[in-house]
Amino acid sequence: MDFEAVTKFIQKTFQTETFLPLHEPRFIGNEKAYLNECIDSTFVSSVGAFVDRFESDFAAYVGSRYAVATVNGTAALHIALLLADVQQDDEVITQPLTFIATANAISYIGAHPVFVDVDKETMGLSPDALQIFLEAHCKVSDARCINTTSGKIIKACVPMHTFGHPCRIDEIKALCDQWHIALVEDAAESLGSTYKNRHTGTFGALGAFSFNGNKIITSGGGGVIVTDDEDLAKRAKHISTTAKIPHKWEYVHDEIGYNYRLPNLNAALLCAQLENLDRFLEDKRMLASIYEPFFSSASITFVKEPQSSRSNYWLQTLILNDKEEQEAFLSYTNDHGVMTRPIWRLMNKLEMFKKCQCGDLSNALWLEDRVVNIPSGVRL
Ligand SMILES: *Cc1c(COP(=O)(O)O)cnc(C)c1O
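As the structure is a prediction and not an experimental result, all values here were calculated from the model.

Conventions used here
- Residues numbered from 1 in each chain as written.
- Predicted model: local features only at pLDDT ≥ 70, side-chain atom pairs only at ≥ 80, totals over all residues.
- Heavy atoms only, no water.
- Buried < 20%, exposed > 50% of the residue type's maximum accessible area, 1.4 Å probe, protein only.
- Helix = DSSP H or I, 4+ residues; strand = E, 2+ residues; numbered from the N terminus.
- Arc of directions from axis to C-beta.
- Core = buried A, V, L, I, M, F, W, Y, C linked by side-chain atoms within 4.5 Å.
- Domains from an automatic or database assignment.
- Contact = heavy atoms within 4.5 Å.
- 1 Å grid on protein atoms, 1.4 Å probe; cavity = no way out; pocket = protein on both sides within 12 Å on 5 of 7 lines; lining within 4 Å.
- Points joined across faces, edges and corners; volume = space filled by probe spheres on them.
- Nonpolar A, V, L, I, M, F, W, Y, C, P; charged D, E, K, R; others polar.
- Near = heavy atom within 4 Å.
- Polar contact = N/O pair within 3.5 Å; in protein donor to acceptor, adjacent residues only side chain to side chain.
- Areas by Shrake-Rupley, 256 points an atom, 1.4 Å probe, with all protein chains shown as cover.

Student: Would you take a moment to explain helix α2 (residues 31-41) for this structure?
Tutor: Given 3.6 residues per helical turn, the α-helix brings residues three or four places apart onto the same face. Every buried residue of α2 is accounted for by Glu31, Tyr34 and Cys38. With its buried residues spanning 75° around the axis, α2 presents them on a single face. Every exposed residue of α2 that faces more than 90 degrees away from the buried side is listed here: Lys32 and Asp40. One or two positions beyond α2, positive phi appears at Thr42, with a value near 70°.

Here it is in structure tokens:
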């Protein structure tokens, strides 16, 4: 590969020869106005008009009945898993190719991740691999899925829509239903992405999104849980706000809760960011449409949105030939002011998760050695 030509093309696309980050937030709307409103009102903490407004705006945007805002995406996943009744020593199926937050949230409960392979095309959990794993290792008994290898209950399954590209979520949902496993979607990276015209994160009982600084919209830190179930929404709000029973003055809490509520300041930023989301999405599609013909003419695989889906193209992705090329590419581009990153080290290779059960992980291993992300920010 001609690293120099690729680097020059990326710089030309962003019209810059100075340092080019992988992704940057864009504050081009009402962010400052809403922050000022928030400060003037003195409601900067976790009670405030912007939190309520953001929750209803967000639910409307993704087409779910309820949204409950949290301090970050990891907290959203943690609460979603608790609401899916994941308990200590249960097992949760997820993909090995994901950001650490997915596996961490499972571990906070004392539950154990079980790693099942991804599809090469979507880089998200593979329904084929899931079916093979379930048939080889699991049985349903008393409407529960038992892993006959470990003897533990598989309570939930957490697929992730990698870099915003939707995985085959309807097939995963059908398998989860058949095997009595709760579906919790890690949609942290896929705000704006739909599968068969339905927003990612809304297929399962619960979905979690993130608004970390590098995500498609950001509030510095933040997250949200979505669900169509009123009881789950109420419980999500209750346990993420210290499980305090509403009362005019008394402090009574009816279980161990979490201080996970999103502050109004962050919600003010998010209300403004959400207003510009469609513009960001348009720009990212445009960027993909510039990258794609360039890389395909250079015989480099540029990842396009999978079938039946519309991707937010959060992080633009290349699949290189092998690990050697991946390393050489990362080293050349980063040395020449163009920030690029490899995909994550597989979860099952990290010290904390080395003992977790795994299915056949051929696709994840193959992608780990080849995938890189290239600059993906919204151009102004
Ligand atoms: C960003 C992200 C999260 C949540 O991260 P926070 O930083 O806690 O908001 C969870 N899962 C995946 C796959 C992510 O990329």
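Student: Looking at this structure, I do not really get the nonpolar core. What am I missing?
Tutor: As a rule of thumb, soluble globular proteins bury nonpolar side chains together. With 46 residues, the main nonpolar core has Phe54, Phe58, Phe163, Leu191, Phe209, Phe211 and Ile217 as its most contacted residues. Looking at this core, the elements that each hand over two or more residues are α2, α3 (49-62), β1 (66-70), β11 (223-227), α9 (264-275), α10 (277-297) and α12 (362-368). Counting the residues that make up this core, at least three belong to each of domain 1 (3-20 + 277-347 + 357-374) and domain 2 (31-276). Excluding residues that lie within four positions of it along the chain, Ile217 makes contacts with Leu191, Ser210, Phe211, Asn212, Leu270, Gln273, Leu274, Leu277 and Phe280. With 25 residues, the next largest nonpolar core counts Leu83, Val86, Ala156 and Ile225 among its residues.

Student: Which parts of the structure should I look at to understand empty space enclosed by the protein?
Tutor: Unoccupied space between atoms shows up once a probe the size of one water molecule is rolled over them. One pass over the full model with this rule turns up two cavities of 30 Å³ or more. The space that makes up the largest cavity amounts to roughly 50 Å³. If you go around the largest cavity, the residues you meet are His23, Glu24, Pro25, Arg26, Lys215, Ile216, Gln273, Phe280, Lys284 and Val378. Residue classes in the lining of the largest cavity are distributed as four nonpolar, two polar and four charged. What lines the second largest cavity is Phe14, Leu20, Pro21, His23, Glu24, Arg26 and Gly377. Across the lining of the second largest cavity, the residue classes tally to three nonpolar, two polar and two charged.

Student: Where do I start with the site of the ligand in this structure?
Tutor: Inspection of the region around the ligand gives 15 residues, with Gly73, Thr74, Glu189, Ser210 and Lys215 positioned closest. Within the contact set of the ligand, an oxygen atom lies 2.7 Å away from a backbone nitrogen or oxygen of Gly73. Within the contact set of the ligand, an oxygen atom lies 2.6 Å away from a side-chain nitrogen or oxygen of Ser210. In isolation the ligand exposes 380 Å². Once the protein is present, 92% of that is buried.

Purely geometric stuff here, so don't read any function into it on its own.
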